[in-house]
Amino acid sequence: MASQGQCLSSSSDKNRKVNFRERLLIIDSQLGVKDVEKLKFLCQDFVSHKKLETCSSALDIFDLLLAADLLREEDSFFLAELLYILEWISLLRHLNYTKQQVESLLPTQRKVSLFRNLLYELSEGIIPENLQSMIFLLGDSIPKIPMTSLGLLLYLEKQGKIDEDNLTSLEYLCGKTVPKLVEKIEKYKREKAAQLATLPVDKETESLHQGEEELFSRSDTTKFLRALQEGPCQNEHTRSNESLKRVFQWLGFTVHTHVDVTKGRMDEVLQEQKSHPGHADGDCFVFCVLTHGKDRMVYSSDGVPIPIGEILSHFTAQQCPGLVGKPKLFFIQACQGEAIQPSVPIEADALNPEDTFPPLEYRIPITVDFLLGLSTVPGYLSFRHMEEGSWYIQSLCKHLKNFVLHEDILSILTVVNHDVSRKADIRGIKKQMPQSANTLTKKVVFPAPPGALQW
């Protein structure tokens, strides 16, 4: 009986697989040649271009997805997502999905990148006349062969003329031929920044593991200081700016300062730095921002809010291969809200859990070797001394100087947290608590040169 039962089970499994393949066959029968080309384009990030080029039907693509374990009977959402993008809503039922179900799952299960989806949407808005105009504008930089809109965009991508962070050529082409498509590009930028700003931090990499190898970071990598000198903040930012400059020069960094940076100039600096040739010889990258801000944002000198996630996204492994395996440290001195952290008297060694601050809401890109240090927790103001400068930056510089020979950066930031948390305004009412998140994989220790830093 046990043998018979096993046989029946195997037969049932085989029937289920056949039924699933039959459903895929039905879907294939409804898709035309243009649909196949669109599917091939949307799968570029999952299946090699060479393999996709051999596909002449949707079934060929399905076979590749099955082989790559991207399509299974128990998990067919990727195909459902593809059909949803192609607006083949009627075919979703063959995968046991509805339009509403797909839309509800996309935020957490999306596989097609925002960039790939943008290119697809742009291609759908480029009619033959627009395409010819784009090809004309590109001149001799593209081959003189027949191209579809998808083909043109894929060519520009393969040639490195466009990527998820470099949309200058796209904005130019669309602006000159189909201005309404520029709105889609702007929407993509907002969605990408929001996505990066809310990605969860990997809990296993949020703190260092015991016994890991130390990473010594003598560096000639570029370190940026950005100060917005507006109104009463001008002198305080300048003092903090100079303190940072001196301490990081002392630590062996090549320091570059950018003052009164507009949104346009910030974009230029980020583009320059993600491909900076100096990264190859350096072993650490530090980026400091001193400005005004609000929740998850910092302001440029012309008042444009810039998502912190957008800044960090330029230095992921994909976007900045020169910094792969090297620590990337970001320090943000800016308000992150308008609330004032209250002063609560506590006894030594006693802390009321109800009085603790909320968990860090900032999220850094899911990649290794990032550290994000914030002068205050989300939703709260960040304060400065009228003569000495910002509490956070002055404490950071002071403790880098005092502990750099003995402690790693995370230990130093813990001391900074303690120091800043004990500060208050003259009335003892206004308080501040810095916070940080990291995906560092090794201890980061700065070997300071001989001699003491003179302040």
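Residues numbered from 1 in each chain as written. Predicted model: local features only at pLDDT ≥ 70, side-chain atom pairs only at ≥ 80, totals over all residues. Heavy atoms only, no water.

In the nomenclature of an unreviewed UniProt entry, the chain is known as Caspase 10 of Propithecus coquereli.

A. Spotlight on the overall build of the chain. Of regular secondary structure, the chain possesses 16 helices and 13 strands. Per-residue burial over the chain gives 46% buried out of 455 residues. By sequence separation, contacts in the chain at least 24 residues apart represent 76% of the contacts at least 6 residues apart. Accessible surface computed for the chain: about 22900 Å², of which carbon and sulfur atoms make up 52%. (Helix = DSSP H or I, 4+ residues; strand = E, 2+ residues; numbered from the N terminus. Buried < 20%, exposed > 50% of the residue type's maximum accessible area, 1.4 Å probe, protein only. Contact = heavy atoms within 4.5 Å. Areas by Shrake-Rupley, 256 points an atom, 1.4 Å probe, with all protein chains shown as cover.)

B. Up close: the packing of helix 7 (residues 114-124) against helix 9 (residues 149-158). One can describe the packing of helix 7 onto helix 9 by two numbers: an axis separation of 9 Å at closest approach and a directional angle of 140°. Put simply, helix 7 runs oblique to helix 9. Seen from above, helix 7 lies across helix 9 with right-handed handedness. Contact residues: Phe115, Arg116, Leu119, Tyr120, Leu122 and Ser123 in helix 7; Ser149, Leu150, Leu153, Leu154 and Glu157 in helix 9. (Axes fitted to C-alpha atoms, helices over the stretch in contact; angles between N-to-C directions. Parallel < 35°, antiparallel > 145°, perpendicular 65-115°, else oblique. Left-handed = near helix turned anticlockwise from the far one by under 90°.)

C. Representation of unusual backbone geometry in the model. Non-glycine residue Asp69 carries a positive phi angle of around 60°. Positioned with a positive phi, Asp260 is a non-glycine residue whose angle comes to about 55°. You can see Asp260 is positioned in the loop between strand 3 (254-259) and helix 13 (263-274).

D. Local environment of helix 13. For helix 13, built from 12 residues, the straight-helix expectation of 16 Å at 1.5 Å per residue is met to within 8% by its first-to-last C-alpha distance of 17 Å. What helix 13 keeps buried is the set Lys263, Met266, Val269, Leu270, Gln273 and Lys274. Taken down its axis, helix 13 places every buried residue within 120° of arc, on the same side. (Expected span 1.5 Å × (residues − 1). Arc of directions from axis to C-beta.)

E. Local environment of the pattern of salt bridges. The tally for this structure, following the rule as stated, stands at 19 salt bridges. Its salt-bridge partner being Arg23, residue Glu73 comes within 3.4 Å of it at the nearest N-O pair. Taken together, the positions of Glu73 in the loop between helix 4 (58-67) and helix 5 (77-85) and Arg23 in helix 1 (residues 2-30) put the pair 50 residues apart, joining distant regions of the chain. Where Glu186 meets Lys189, a salt bridge forms, and the shortest distance between an N and an O atom there is 3.7 Å. One end of the pair is Glu186 and the other is Lys189, both in helix 11 (residues 182-197) and three residues apart, which spans about a single turn. (Salt bridge = Lys/Arg side-chain N within 4 Å of Asp/Glu carboxyl O.)

F. Structural view of the pairing of strand 4 (residues 285-290). Burial analysis of strand 4 places six of its six residues in the buried class, which makes it a mostly covered element. Here strand 4 shows no split at all, with Phe285, Phe287 and Val289 on one side and Val286, Cys288 and Leu290 on the other all buried. By the bridge criterion, six bridges tie strand 4 to strand 8 (residues 328-333) in an arrangement that is parallel. Looking at strand 8, one finds that Val289 is bridged to Ile332. (Pairing = 2+ DSSP bridges.)

G. How the structure looks around the packing of aromatic side chains. Considering all chains together, one arrives at 12 aromatic pairs under this definition. Judged by centre distance (5.7 Å) and plane angle (50°), the ring pair of Phe315 and Phe330 falls under tilted. With Phe315 in the loop between helix 14 (308-313) and strand 8 and Phe330 in strand 8, this residue pair connects regions lying 15 residues apart in the sequence. Comparing Phe315 with Phe330 shows no difference in burial state: the two are buried. Ring pairing ties together the aromatic residues Phe285, Phe287, Phe315, Phe330 and Phe370, which thus form one cluster. If you follow Arg116 out to its NZ or CZ, it ends over the ring of Phe41, 5.0 Å from the centre. (Phe/Tyr/Trp six-rings, centres within 6.5 Å; stacked < 30°, edge-to-face > 60°. Lys NZ or Arg CZ within 6 Å of the ring centre and 35° of its normal.)

H. Spotlight on the nonpolar core. If you look at the biggest cluster of nonpolar residues, it comprises 60 residues, and the most contacted ones within it are Ile27, Leu65, Leu79, Leu82 and Leu95. Looking at which element gives the most residues to this core, the answer is helix 5, with seven residues. Once residues lying within four places of it in the same chain are set aside, the contact partners of Leu79 are Leu24, Ile27, Phe62, Leu71 and Leu95. Core analysis: the next-biggest nonpolar cluster, separate from the first, contains 30 residues, Leu244, Leu251, Leu290 and Val416 among them. (Core = buried A, V, L, I, M, F, W, Y, C linked by side-chain atoms within 4.5 Å.)

I. Spotlight on a nonpolar patch on the surface. Nonpolar side chains collect at one region of the surface, where Phe136, Leu137 and Tyr172 lie side by side and expose about 340 Å² of accessible area between them. Within the element layout of this structure, Tyr172 appears in helix 10 (residues 168-177). With relative accessibility at 41%, the residue Tyr172 sits in the partly exposed group. (Patch = residues over 30% accessible without salt bridge, like charges linked within 9 Å, V, L, I, M, F, W, Y side chains within 5 Å.)

J. Layout of helix 5. Within helix 5, eight of the nine residues are buried, which leaves the element mostly enclosed by the surrounding structure. Where helix 5 is concerned, the buried positions are Phe77, Phe78, Leu79, Ala80, Glu81, Leu82, Leu83 and Ile85. Backbone geometry just after helix 5 places Glu87 at a positive phi near 65°.

K. Examining the packing of helix 2 (residues 33-42) against helix 7 more closely. At a minimum axis separation of 10 Å, helix 2 and helix 7 run at an interaxial angle of 150°. Between helix 2 and helix 7, the angle is such that the two are roughly antiparallel. The hand of the helix 2/helix 7 crossing is right-handed. On helix 7, the residues touching Lys38, Phe41 and Leu42 of helix 2 are Arg116, Leu119, Tyr120 and Glu124. Residue composition of the contact of helix 2 with helix 7, grouped by class: four nonpolar, no polar and three charged. (Nonpolar A, V, L, I, M, F, W, Y, C, P; charged D, E, K, R; others polar.)

L. Structural view of the environment of Asp45. On the secondary structure map, Asp45 appears in the loop between helix 2 and helix 3 (49-53). For Asp45, a relative accessible area of 42% translates into the label partly exposed. When the C-alpha positions of Asp45 and Val112 are compared, they lie 8.0 Å apart, and in sequence the two are 67 residues distant. Not counting the four nearest positions on each side in its chain, Asp45 is found in contact with Ser113 and Arg116.

M. How the structure looks around the side chain of Asp28. Looking at the element boundaries, Asp28 is found in helix 1. Comment: no salt bridge for buried Asp28; closest opposite-charge side chain is Arg21, at 11 Å. At 3.3 Å, the side chain of Asp28 forms a polar contact with the backbone nitrogen of Ala58. Not counting chain neighbours up to four residues away, the residues in contact with Asp28 comprise Ser57, Ala58, Leu59 and Phe62. (Lys, Arg positive; Asp, Glu negative; His and termini not counted. Polar contact = N/O pair within 3.5 Å; in protein donor to acceptor, adjacent residues only side chain to side chain.)

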